[in-house]
Amino acid sequence: MGTPSLRAMLVLTTVLVGLSAPRATYGQPNFIVILADDVGWGDLGANWAETKETPHLDELAAEGTRFVDFHSAASTCSPSRASLLTGRLGARNGVTHNFAITSVGGLPLNETTLAEVLREAGYSTGAIGKWHLGHHGRHHPSFRGFDYYFGIPYSHDMGCTDTPGYNLPPCPPCPRHGAAARVERKDCYTEVALPLFENVTIVQQPVNLSSLAARYAEEAARFIQRASDSGRPFFLYLALAHMHVPLGVPPPPPASGRGIYGASLREMDALVGRIKQVADSHGKGNTLLWFAGDNGPWAQKCELAGRLGPFVGAWQRQRGGSSAKQTTWEGGHRVPALAYWPGRIPAKQTSRALLSTLDIFPTLVALAGAALPPNRRFDGLDVSPVLFGWSDAGHKVLLHPNSGAAGKDGEIETLRLAQYKAFYTTGGAMACDGSVGPAEHHQPPLIFNLDRDIQEQEPLDVASREYQAVLPAVSRAYAQALEDIATDNVSVADYSKDPAVTPCCNAQHVACRCQAPGTQAAVLDHRTERRAMRLCL
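Residues numbered from 1 in each chain as written. Predicted model: local features only at pLDDT ≥ 70, side-chain atom pairs only at ≥ 80, totals over all residues. Heavy atoms only, no water.

An unreviewed UniProt entry annotates the protein chain as Arylsulfatase G of Burhinus bistriatus. As recorded by UniProt, the Cofactor (unreviewed entry) comment attached to the protein chain reads in full: "Ca(2+)". The UniProt entry for the protein chain carries the following comment under Sequence similarities (unreviewed entry): "Belongs to the sulfatase family." (UniProt positions renumbered as here; feature names shortened; annotations may be inferred.)

Put into structure tokens, the structure is as follows:
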């Protein structure tokens with residue numbers, strides 16, 4: 001082979017520099033991932049005109065890109081978060097259902113988190129908000145790649161508080177005295193107060209839900225300031241309590257439209273607006289902000305649940321039961337999503353690419369100039385070409401696991417192939433009216449054409465030409481997906497339970513209180529602080 005000419009080398013160098021320009025020109029960007037809880041696709045004004053409570057999020061959409069075919073990796077808390085932070089479905093990473101307050105395990109320790117990859121690449125890493133991937137021992141976020149953690153180790157309905165907020169059914173406040181004062185209530189945690197952690201120390205138990213949003217905003221701003229002062233790029237994972245019940249907001253005025261839910265939605269919107277303002281103040285154009293939901297609305301909470309938009313799962317509704325959270329209907333996993341990065345991500349753009357929270361991991365890893373962990377397969381894609389407006393190509397196939405409805409937890413029960421969606425199992429989730437749709441297994445599968453039937457109302461007739469044409473491709477994609485998972489490096493989560501691992505800053509006090517009733521903040525004495533650390537480490 002001859003020696004390449006100088007001209008050819010210059011051309012090649014120019015091409016290579018052009019391909020790497022995003023990182024070479026801008027350096028390592030900062031990342032803020034904001035994950036809302038139980039938010040509906042229709043809870044965003046930019047998605048659904050009836051929604052008026054999200055001016056800051058709508059501004060974010062106008063100044064960035066809105067994704068209208070974006071999906072959570074699962075339709076309940078722990079599996080969805082595990083998939084975001086690993087880029088892998090629960091069938092691979094082992095997290096197939098929610099962890100409890102007594103859970104010994106969590107996200108398997110052999111799974112590598114996004115924070116671990118980015119910290120290795122030089123990032124300051126912080127997690128603020130809900131964790132729900134294990135709190136005992138080395139499953140705590142402080143040992144999963146995060147330099148700083150401030151938040152609640154699981155959902156904020158998994159412990160009593162003195163400010164219970166709004167829930168259906170309503171839950172009582174924490175007991176203040178002996179056992180005689182305790183009130184048992186179905187679906188309520190009455191024995192142990194909800195803890196708030198800073199790193200491995202419980203700083204408040206019970207949490208004051210009324211001030212939680214403000215505290216999250218303050219801690220996020222402090223983290224961004226500290227990281228900026230250090231000169232290192234940062235990754236902030238902000239997992240909001242909104243819009244999961246209980247909704248901890250003051251009662252809205254009678255003429256406020258959507259009542260309690262609308263007031264809470266406004267509070268969430270203001271919090272996101274505050275984070276955007278802080279990020280912009282530390283160098284507009286240096287930070288990618290990605291907002292998404294962890295799953296759809298919790299339908300059984302009725303007026304305290306979010307809007308589905310057009311994704312009502314009409315076929316299921318006709319038979320009873322929910323078509324939202326926990327299910328694989330569009331309302332369960334199609335979530336609002338926005339990306340904002342001034343000067344990099346086009347403004348006022350709407351992308352119809354088929355994307356997922358699974359894509360956040362490989363995309364941020366690529367933008368940071370890091371490498372994916374070896375010896376495992378990923379379900380997410382590097383979708384930076386979609387972010388930058390260079391392409392609208394997303395997933396060809398997207399898998400939807402069972403997340404607490406009919407069937408086995410974590411099993412792939414629904415598959416998306418282009419505009420077609422195939423269901424192998426339906427039913428099993430509770431609706432607002434208390435109905436639970438019958439568990440039904442479908443072989444051959446129900447297939448909907450979402451281009452014509454976004455409400456998922458009428459599956460294709462199995463005798464139709466369209467059904468017969470698409471079924472072989474669906475069956476091949478499903479078989480290939482199951483084979484790919486079966487031959488992967490699959491993890492197994494420890495779901496064993498032990499009451500001794502329940503976070504408790506002072507077991508001598510009723511409900512594990514570590515502050516005097518009525519005080520504004522928890523002040524731990526040295527003995528309590530050491531105990532709190534022992535409980536977590």
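Chemist: Quick question: what am I supposed to make of the overall build of the protein chain here?
Modeler: Along the backbone of the protein chain there are 14 helices and 16 strands. Of all 537 residues assigned to the protein chain, the portion counted as buried reaches 59%. Of all intrachain contacts in the protein chain linking residues separated by at least 6 positions in sequence, the fraction that spans at least 24 positions is 72%. Accessible surface, the protein chain: about 21200 Å² in total, of which carbon and sulfur atoms supply 54%. (Helix = DSSP H or I, 4+ residues; strand = E, 2+ residues; numbered from the N terminus. Buried < 20%, exposed > 50% of the residue type's maximum accessible area, 1.4 Å probe, protein only. Contact = heavy atoms within 4.5 Å. Areas by Shrake-Rupley, 256 points an atom, 1.4 Å probe, with all protein chains shown as cover.)

Chemist: What am I meant to see in the sheet that holds strand β4 (residues 124–129) here?
Modeler: Within a sheet, each strand pairs with its neighbour through backbone hydrogen bonds, oriented either parallel or antiparallel. With mixed pairing, ten strands are arranged side by side in an open sheet as β7-β6-β5-β4-β8-β1-β9-β10-β2-β11. At either margin of the open sheet sits one strand with a lone partner, and together these are β7 (201–204) and β11 (349–351). Direction aside, the axes of adjacent strands within the sheet are offset by 20 degrees on average. Strand contacts of helix α3 (residues 55–63): β2 (65–67), β9 (287–293) and β10 (337–340), with the helix running at about 60 degrees to β10, the strand carrying the most contacts. (Pairing = 2+ DSSP bridges. Axes fitted to C-alpha atoms, helices over the stretch in contact; angles between N-to-C directions.)

Chemist: Is there a simple way to explain the pairing of β4 in this structure?
Modeler: Looking along a regular strand, one sees side chains alternate from face to face of the sheet. Buried residues dominate β4, accounting for six of its six residues. Bridge analysis of β4 against strand β8 (residues 234–239) gives six bridges, and the strand direction is parallel. For Ile-128, the partnering residue across the bridge sits in β8 and is Leu-238. With three bridges joining them, β4 and strand β5 (residues 148–151) adopt parallel strand pairing. Within β5, the residue paired with Ile-128 across the bridge is Phe-150.

Chemist: When you look at the packing of aromatic side chains in this model, what are you seeing that I'm missing?
Modeler: When we look at a pair of aromatic rings, we describe it by the centre distance and by the angle of the planes. Throughout the structure, instances matching the rule amount to 18 aromatic pairs. Ring geometry for Trp-131 against Phe-146: centres 5.9 Å apart, planes inclined by 85 degrees, an arrangement best described as edge-to-face. Separated by 15 residues along the polypeptide, Trp-131 in the loop between β4 and β5 and Phe-146 in the loop between β4 and β5 bring together distant segments of the chain. The buried category is assigned to Phe-146, whose relative accessible area is 1%. For the pair Phe-423 and Phe-448, a centre-to-centre distance of 5.6 Å together with 80 degrees between the ring planes defines the contact as edge-to-face. On the criterion of sequence distance, the pair formed by Phe-423 in strand β15 (residues 420–426) and Phe-448 in strand β16 (residues 440–449) is long-range, its members being 25 residues apart. Exposure remark for Phe-423: the relative accessible area of 0% places this residue in the buried category. In this structure Phe-448 comes out as buried when scored by relative accessible area, which is 0%. In this structure an aromatic cluster arises from ring pairing among Trp-131, Phe-146, Phe-235 and Tyr-237. Sitting over the face of the ring of Trp-298, Lys-325 holds its NZ or CZ atom 4.1 Å from the ring centroid. Across from the ring centre of Phe-388, 4.4 Å away, lies the NZ or CZ of Arg-344, which sits over that ring. (Phe/Tyr/Trp six-rings, centres within 6.5 Å; stacked < 30°, edge-to-face > 60°. Lys NZ or Arg CZ within 6 Å of the ring centre and 35° of its normal.)

Chemist: So what exactly am I meant to see when it comes to the environment of Cys-160 here?
Modeler: Examined against the element boundaries, Cys-160 turns out to sit in the loop between β5 and β6 (196–198). Residue class for Cys-160 comes out buried when judged on its relative accessible area of 2%. Spatially, the C-alpha atom of Cys-160 lies 4.5 Å from that of Ala-193, the residues being 33 residues apart in sequence.

Chemist: I keep staring at the state of the cysteines and nothing clicks. Help me out?
Modeler: A covalent bond between the sulfur atoms of two cysteines is what we call a disulfide. Under the counting rule described, the total for this entry stands at four disulfides. In this model Cys-171 forms its disulfide with Cys-188; the gap between the sulfur atoms is 2.0 Å. The sign of the -85 degrees torsion about the S-S bond sets the Cys-171-Cys-188 disulfide as left-handed. Taken together, the positions of Cys-171 in the loop between β5 and β6 and Cys-188 in the loop between β5 and β6 put the pair 17 residues apart, joining distant regions of the chain. A sulfur-sulfur separation of 2.1 Å characterises the disulfide bridge that pairs Cys-302 with Cys-432. Disulfide Cys-302-Cys-432: the torsion about the S-S bond is 110 degrees, which places it as right-handed. In this pair, Cys-302 sits in the loop between β9 and α9 (314–317) while Cys-432 sits in the loop between β15 and β16, placing the two residues 130 residues apart along the sequence. (Disulfide = S-S within 2.5 Å.)

Chemist: Sorry if this is basic, but what is going on with the layout of surface pockets here?
Modeler: Over the atoms, a rolling probe the size of a water molecule traces out where space has been left empty. If you add up the space inside the largest pocket, you get close to 540 Å³. Taken together, 26 residues line the largest pocket, and the ones lying closest to its centre are Asn-98, Asp-157, Tyr-189, Trp-298 and Gln-326. (1 Å grid on protein atoms, 1.4 Å probe; cavity = no way out; pocket = protein on both sides within 12 Å on 5 of 7 lines; lining within 4 Å. Points joined across faces, edges and corners; volume = space filled by probe spheres on them.)

Chemist: Got a minute to help me understand the packing of helix α7 (residues 212–230) against helix α8 (residues 259–281) in this structure?
Modeler: In a pair of packed helices, the angle between the axes and the distance between the axes together describe the arrangement. Two elements in contact, α7 and α8, have axes separated by 10 Å at closest approach and are oriented at 10 degrees. When the interaxial angle is binned, α7 and α8 end up roughly parallel. Taken as a pair, α7 and α8 cross one another with a handedness that is right-handed. Across the interface between the two elements, Ala-213, Ala-217, Ala-220, Ala-221 and Ile-224 of α7 pack against Glu-267, Leu-271, Arg-274, Ile-275 and Val-278 of α8. Considering only residue class, the contact of α7 with α8 consists of eight nonpolar, no polar and two charged. (Parallel < 35°, antiparallel > 145°, perpendicular 65-115°, else oblique. Left-handed = near helix turned anticlockwise from the far one by under 90°. Nonpolar A, V, L, I, M, F, W, Y, C, P; charged D, E, K, R; others polar.)

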